[in-house]
Amino acid sequence: MKHLIVDLFITKDEYLKYYRGNAAWVSAVARDGRQVQFPASTLRPYLTHTGIRGSFVIYYDNVGKLIQVDKLGSMA
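Residues numbered from 1 in each chain as written. Predicted model: local features only at pLDDT ≥ 70, side-chain atom pairs only at ≥ 80, totals over all residues. Heavy atoms only, no water.

### Describing the overall build of the chain
The secondary structure content of the chain amounts to one helix and five strands. Relative to its length of 76 residues, the chain is compact, with a C-alpha radius of gyration of 12 Å against a globular reference of 11 Å. Its C-alpha atoms give the chain principal-axis dimensions of roughly 35 × 30 × 20 Å. Here the chain holds 76 residues, and the buried ones make up 29% of them. Long-range pairs, those at least 24 residues apart, make up 51% of the contacts in the chain with a sequence separation of at least 6. Counting only carbon and sulfur atoms, one obtains 51% of the accessible surface of the chain, whose full area is about 5000 Å². Of the charged side chains in the chain, 10 are positive and 6 negative; the average position of the first set lies 4 Å away from that of the second. (Helix = DSSP H or I, 4+ residues; strand = E, 2+ residues; numbered from the N terminus. Rg over C-alpha atoms; globule rule 2.2 N^0.38 Å. Buried < 20%, exposed > 50% of the residue type's maximum accessible area, 1.4 Å probe, protein only. Contact = heavy atoms within 4.5 Å. Areas by Shrake-Rupley, 256 points an atom, 1.4 Å probe, with all protein chains shown as cover. Lys, Arg positive; Asp, Glu negative; His and termini not counted. Charge placed at Lys NZ, Arg CZ, Asp CG, Glu CD.)

This is the structure we're talking about:
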């Protein structure tokens, strides 16, 4: 399975834009420099009172379709 690792810090207020439907996709730069977009809804399980913060592994198939997103851990 192919994967990318991204480090995210999205404030609670910023994530509310996704939650309310004003934005459907999160754009980020992976650690290897590639640009990636994925549905904001995949991050909902990781939302805390401060927002979303941490390193995430984004798994995708051979045609680039998202399979899953897993949290690795908190950023320092």
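Alright, that's what it looks like, and here's the rest.
### With respect to the nonpolar core
Soluble globular proteins tend to bury their nonpolar side chains together. With 18 residues, the main nonpolar core has Val6 and Leu43 as its most contacted residues. For this core, the secondary-structure elements that each account for two or more residues are β1 (2-11), α1 (12-19), β2 (25-29), β3 (35-39) and β4 (51-60). Setting aside chain neighbours within four positions, we find Leu43 in contact with Leu8, Ile10, Tyr15, Val26, Phe38, Ile52, Phe56 and Val69. (Core = buried A, V, L, I, M, F, W, Y, C linked by side-chain atoms within 4.5 Å.)

### Quick notes on the environment of Ile10
With respect to the helices and strands, the residue Ile10 is situated in strand β1. According to the relative accessible area criterion, Ile10 is buried, its value standing at 5%. Once the C-alpha coordinates of Ile10 and Pro45 are considered, the two residues, 35 residues apart in sequence, prove to be 14 Å apart. The residues contacting Ile10, other than those within four sequence positions of it, are Tyr15, Tyr18, Val26, Leu43, Thr50, Gly51 and Ile52.

### Considering the packing of aromatic side chains
Overall, the coordinates contain one aromatic pair when judged by the stated rule. A cation over a ring is seen here: Arg53 above Phe9, with NZ or CZ 5.1 Å from the ring centre. (Phe/Tyr/Trp six-rings, centres within 6.5 Å; stacked < 30°, edge-to-face > 60°. Lys NZ or Arg CZ within 6 Å of the ring centre and 35° of its normal.)

### Section: the pattern of salt bridges
Following the criterion strictly, the structure yields two salt bridges and no others. Arg31 serves as the salt-bridge partner of Asp7, at 2.9 Å between the closest nitrogen and oxygen. Within this pair, whereas Asp7 is found in strand β1, its partner Arg31 is found in the loop between β2 and β3, the two being separated by 24 residues in sequence. By relative accessible area, Arg31 is classed as exposed at 52%. We note a salt bridge from Asp32 to Arg34, for which the minimum N-O separation is 2.7 Å. (Salt bridge = Lys/Arg side-chain N within 4 Å of Asp/Glu carboxyl O.)

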